[in-house]
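Coordinate inspection notes
Chain by chain, the residues run as shown.
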Amino acid sequence: MDLSTSSDNSYRTVYRVSQDHPCLPGHFPGHPLVPGVLVLERVAQALRDWRNQRLARLREAKFLAPLHPEEVAELELMDRSGQVRFELRRNGKVLARGVIEGEA
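Everything in this summary refers to the structure shown in the same document. A quick note: this is a predicted structure, and the numbers were derived from the prediction, not measured.

**Here we look at unusual backbone geometry**
The backbone phi angle of Asn 52 is positive, close to 55°, even though this residue is not glycine. Along the chain, the position of Asn 52 falls in the loop between helix H1 (36–51) and strand S3 (54–63). A positive phi is found at Asn 91, a non-glycine position, where the angle reads about 50°. With respect to the secondary-structure elements, Asn 91 resides in the loop between strand S5 (83–90) and strand S6 (93–103).

Below, the structure is given as structure tokens:
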């Protein structure tokens with residue numbers, strides 16, 4: 001599942017990580033969680049899709065709650081005064097947030 005919308009100031013995408021993703025078996029066996037690096041990979045992909053930029057710097061990242069396989073999450077990138085902020089939410093609850101920089 002990948003549904004995306006964008007404007008000049010924001011980009012939203014909805015996605016889920018399949019329970020058979022190769023990174024999950026060793027990440028808390030019996031209680032799999034989506035690793036933060038996989039979330040950040042999705043943030044980087046969203047930046048490429050939105051602005052055709054690569055992720056050059058992760059200025060700040062905070063992981064507030066876990067994302068489990070098969071859960072649907074919404075990722076939003078927002079331009080706020082020249083800074084690109086991201087938030088990952090599930091049912092309105094913020095799971096992760098941060099600030100990134102991109103470059104061509």
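**Points about the environment of Glu 60**
Position of Glu 60 among the secondary structure elements: in strand S3. Counting along the chain gives 35 residues from Glu 60 to Leu 95, while the straight-line C-alpha distance between them is 14 Å. Apart from residues no more than four positions distant in its own chain, Glu 60 is found in contact with Phe 86, Arg 97, Gly 98 and Val 99.

Thresholds applied
Residues numbered from 1 in each chain as written. Predicted model: local features only at pLDDT ≥ 70, side-chain atom pairs only at ≥ 80, totals over all residues. Heavy atoms only, no water. Helix = DSSP H or I, 4+ residues; strand = E, 2+ residues; numbered from the N terminus. Contact = heavy atoms within 4.5 Å.

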